[in-house]
Amino acid sequence: TDPTDPTDPTDPTEPTTSSLAPGHTSGWLIRRFDRRVPLAELADHPVAHLTYWEAEAYAAWAGHRLPTEAEWEAACFGASGGKTVRYPWGDRFFGAEDDSGLLEGTGGATSMARTRAKIGEGQAELGTTSVTAFPEGDTASGCRQMCGNVWEWTTTTFYPWPGYVLDWPYRENAAPWFGFNKVVKG
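Quick look at the structure, then.

Reading the values: the criteria
Residues numbered from 1 in each chain as written. Predicted model: local features only at pLDDT ≥ 70, side-chain atom pairs only at ≥ 80, totals over all residues. Heavy atoms only, no water. Helix = DSSP H or I, 4+ residues; strand = E, 2+ residues; numbered from the N terminus. Buried < 20%, exposed > 50% of the residue type's maximum accessible area, 1.4 Å probe, protein only. Areas by Shrake-Rupley, 256 points an atom, 1.4 Å probe, with all protein chains shown as cover. Arc of directions from axis to C-beta. Contact = heavy atoms within 4.5 Å. Polar contact = N/O pair within 3.5 Å; in protein donor to acceptor, adjacent residues only side chain to side chain. Patch = residues over 30% accessible without salt bridge, like charges linked within 9 Å, V, L, I, M, F, W, Y side chains within 5 Å. Salt bridge = Lys/Arg side-chain N within 4 Å of Asp/Glu carboxyl O.

## Overview of the overall build of the chain
Thinking step 1. Assigned secondary structure in the chain consists of 4 helices and 4 strands.
Thinking step 2. In the chain, the order of α-helices and β-strands from amino to carboxyl end is β-β-α-α-α-β-α-β.
Thinking step 3. The 186 residues of the chain split such that 26% are buried.
Thinking step 4. With the model as given, the accessible surface of the chain reaches about 12,700 Å², and the carbon-plus-sulfur share is 58%.

As structure tokens, this is what we get:
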């Protein structure tokens, strides 16, 4: 392949058969932990492993912007009439029944949570989930997958809450990022 030769029919941006995983004959692949998956199979999945600056650049390119932490919280936990809810889909983790005293992982309770977000038992598939999955977990404002799929960047700089007391393990874990990183949600 000669990218400077206009008569060469090979597109240098396309993968060659030597770059494909065994068993795959065409198309780009993405590594998903211990396997390679055709990129086309992930077309409706969120993008992962982006820096804040990459996410901000993409949002600007698309004519949008990243939300502040307060905007993200309002979209996730705001309900009609100015009321806030505990989970993106409402006040009950497992559903309309009384879930007091239920712990995640007990009985069939987590099967109800699995219809709302990529959390709990049974979410063994590594990686991301389609952005169209889990419509039962939509927020009051219509946002989907506000927890459990990928971390989402906000424009808010990461600082401790008022009254925060620096102690172990946060001294080594979170404190080095105060004032230097952005808040992630999800």
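## Considerations on helix α1 (residues 52-61)
Thinking step 1. Along α1, the residues classified as buried are Tyr52, Ala55 and Ala59. Angularly, the buried residues of α1 cover 65° about the axis, an arc narrow enough to put them on a single face. Of the exposed residues in α1, the ones pointing more than 90 degrees away from its buried face are Trp53, Tyr58, Ala60 and Trp61.
Thinking step 2. Buried residues along α1 sit against β3 (152-157) and β4 (182-185).
Thinking step 3. Taken from the residues just after α1, glycine 63 is the one with a positive phi, measuring 80°.

## Regarding the side chain of serine 130
Thinking step 1. Tracing the backbone shows serine 130 in the loop between α3 (109-113) and β3.
Thinking step 2. Polar contacts involving the side chain of serine 130 include one to the side chain of aspartate 44, which spans 2.7 Å.

## A closer look at a nonpolar patch on the surface
Thinking step 1. Together, Trp161, Tyr164, Leu166 and Tyr170 give the surface a local cluster of nonpolar side chains, amounting to about 460 Å² of exposed area.
Thinking step 2. Its relative accessible area of 68% is what places tryptophan 161 among the exposed residues.

## Comments concerning the side chain of threonine 128
Thinking step 1. Along the polypeptide, threonine 128 turns up in the loop between α3 and β3.
Thinking step 2. Only 2.7 Å separates the side chain of threonine 128 from the side chain of histidine 45, close enough to count as a polar contact.

## Comments concerning the pattern of salt bridges
Any two side chains of opposite charge can pair, on the condition that their charged atoms come close.
Thinking step 1. This structure, assessed with the given rule, holds 4 salt bridges.
Thinking step 2. Arginine 65 is the partner of glutamate 71 in a salt bridge, and the nearest nitrogen-oxygen pair spans 2.8 Å.
Thinking step 3. Residues arginine 144 and aspartate 138 are paired through a salt bridge, measuring 2.7 Å at the closest nitrogen-oxygen approach.
Thinking step 4. In this structure arginine 144 comes out as partly exposed when scored by relative accessible area, which is 32%.

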